[in-house]
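Here is what each chain is made of, one letter per residue.
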Amino acid sequence: MTNSINTDLFKHHEYMRSTIDDCKVIDLRKIHDVRGNLTPIEGGVDVPFDIKRIYYLYDVPGGESRGAHAHKALHQLIIAANGSFTVTLDDGTNKKSFNLNRSYYGLLVVPGIWRDLNDFSSGAVLLCLASEHYDANDYIRDYQEFLDFKKSK
Ligand code: TYD
């Protein structure tokens, strides 16, 4: 019981104080082969969390945007498995955009970061490895609410 309370406090603290400098592009292993390349990703080895869920986003119509939310506890690795798109990260003070266009780059996004996804190329596939199962309560979907959380740190 005590442990779960401490963990919750840590998560709360973490997402309020995180900055875009805690996010980074990870250069994933690439096993080159004339028959085709292979990139393996192991939880706790290539990404600093255990992978509980994967999902992928595809068939995004030209000009559409996704994202526009932050998470309280979720760590994610976002990969352009095919094509390209832009991820803009925002910690309430600073913003940084990443154009992902290689299947061996992964963008690590920590909790407490607002993200906007746009500029999807035709046929783009966004692969996301996530540290937690889906939880609608982990989302902050209101930007002003997000700013208020970050400013109250
Ligand atoms: P959402 O995360 O809002 O997508 P985006 O930020 O890219 O626009 O998810 C869209 C819908 O899909 C929403 O109704 C929740 C649902 N969903 C799941 O059921 N499971 C999942 O793992 C994810 C990521 C989304």
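In what follows, the structure referred to is the one given above.
Note that the coordinates shown come from a computational prediction; the quantities given were computed from them, not determined experimentally.

What counts, and at which threshold
Residues numbered from 1 in each chain as written. Predicted model: local features only at pLDDT ≥ 70, side-chain atom pairs only at ≥ 80, totals over all residues. Buried ≥ 20, exposed ≤ 12 C-beta atoms within 10 Å, placed from the backbone. Helix = DSSP H or I, 4+ residues; strand = E, 2+ residues; numbered from the N terminus. Pairing = 2+ DSSP bridges. Axes fitted to C-alpha atoms, helices over the stretch in contact; angles between N-to-C directions. Core = buried A, V, L, I, M, F, W, Y, C linked by C-beta atoms within 7 Å. Near = placed C-beta within 6 Å. Nonpolar A, V, L, I, M, F, W, Y, C, P; charged D, E, K, R; others polar.

1. A closer look at the pairing of strand β5 (residues 85-90)
Okay, step 1: Side chains Phe-85, Val-87 and Leu-89 of β5 all project onto a buried face; the interleaved residues Thr-86, Thr-88 and Asp-90 project onto a face where none is buried.
Okay, step 2: Here five bridges tie β5 to strand β8 (residues 114-118), and the two strands are oriented antiparallel to one another. For Asp-90, the partnering residue across the bridge sits in β8 and is Trp-114.

2. Section: the sheet that holds strand β7 (residues 105-109)
Backbone hydrogen bonds hold the strands of a sheet together, and the pairing may be parallel or antiparallel.
Okay, step 1: Pairing in this open sheet of five strands is antiparallel, and the strands run β1-β7-β4-β9-β2 from one edge to the other. Strands at the two margins of the open sheet, each flanked by one partner only, are β1 (24-27) and β2 (53-57). Within this sheet the neighbouring strands show an average axis-to-axis angle of 25 degrees, counted without direction.
Okay, step 2: Direction of pairing for β1 relative to β7: antiparallel, over a ladder of four bridges. In the strand pairing of β7, Ile-26 is matched with Gly-106.

3. Side note on the nonpolar core
One recurring pattern in soluble globular proteins: nonpolar side chains tend to sit buried together.
Okay, step 1: Counting 26 residues, the largest nonpolar core has Ile-78, Phe-85, Val-87, Leu-100 and Ile-113 as the members making the most contacts within it.
Okay, step 2: For this core, the secondary structure elements donating two or more residues are β4 (76-82), β5, β6 (95-100), β8 and β9 (125-130).
Okay, step 3: Sort the elements by how many residues they give to this core and β4 lands first, with four residues.

4. Quick notes on the site of the ligand
Okay, step 1: The environment of the ligand is made up of Arg-53, Tyr-55, Leu-57, Arg-66, Gly-67, His-69 and Tyr-134.
Okay, step 2: Listing elements by their share of the shell around the ligand, those giving two or more residues are β2 and β3 (66-71).
Okay, step 3: The residue makeup of the shell around the ligand, split by class, is three nonpolar, two polar and two charged.

5. Structural notes on unusual backbone geometry
Okay, step 1: The backbone of Asp-59 shows a phi angle near 55 degrees, a positive value even though the residue is not glycine.
Okay, step 2: Note on placement: Asp-59 falls in the loop between β2 and β3.
Okay, step 3: By C-beta crowding, Asp-59 is classed as exposed, having 9 other C-beta atoms within 10 Å.
Okay, step 4: With phi around 60 degrees, Asp-119 is a residue other than glycine that occupies positive phi space.
Okay, step 5: Along the chain, the position of Asp-119 falls in the loop between β8 and β9.

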